[in-house]
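The residues making up each chain are set out below.
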Amino acid sequence: MKLRPLADRVIVKRLENETKTASGIVIPDNAAEKPDQGEVMAVGPGKKNDQGELIAMNVKVGDRVLFGKYSGQTVKVDGDELLVMKEDDLFAVVEK
């Protein structure tokens, strides 16, 4: 199944957190926090301003982004857990 987000929405796949700390302590799954980074899987066309002109999106497919812990709506597609959120919910793009 392919998803095509509408308006200024993006589809993000969470990136897995490290399950081991720098000192070597293993963190169990039930104690680990959900990661707040993800990879953009799909991008909508953008939203329209008051004059009806389309405002282009600032993110693109493949970008690594930061978002809030409780941002977006979780959906399951083909066994993958994805987030659907507005571009405004994204905090930053992680530059490589």
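One can find the structure itself at the top, above this paragraph.
Residues numbered from 1 in each chain as written. Predicted model: local features only at pLDDT ≥ 70, side-chain atom pairs only at ≥ 80, totals over all residues. Heavy atoms only, no water.

Visitor: Help me understand the pairing of strand β1 (residues 9-14) in this model?
Guide: As a general feature of sheets, a regular strand has side chains that alternate between the two faces. Of the strand pairs in this sheet, β1 and strand β7 (residues 80-86) are connected by five bridges, and their pairing is antiparallel. Pairing of Ile-11 across the sheet is with Val-84, part of β7. (Pairing = 2+ DSSP bridges. Helix = DSSP H or I, 4+ residues; strand = E, 2+ residues; numbered from the N terminus.)

Visitor: Where do I start with the pattern of salt bridges in this structure?
Guide: Side chains carrying opposite charge are able to pair once their charged atoms draw close together. Inspection of every chain in the model, using the stated rule, returns four salt bridges. Between Lys-13 and Asp-80 there is a salt bridge, with the nearest N and O atoms lying 3.9 Å from each other. Pair noted here: Lys-13 is in strand β1 and Asp-80 is in strand β7, with a separation of 67 residues, a long-range link. Accessibility expressed as a relative area gives 32% for Lys-13, which makes it partly exposed. Residue Lys-60 pairs with Asp-63 through a salt bridge whose shortest N-O separation is 3.1 Å. (Salt bridge = Lys/Arg side-chain N within 4 Å of Asp/Glu carboxyl O. Buried < 20%, exposed > 50% of the residue type's maximum accessible area, 1.4 Å probe, protein only.)

None of the figures reported here should be taken as evidence of function without further support.
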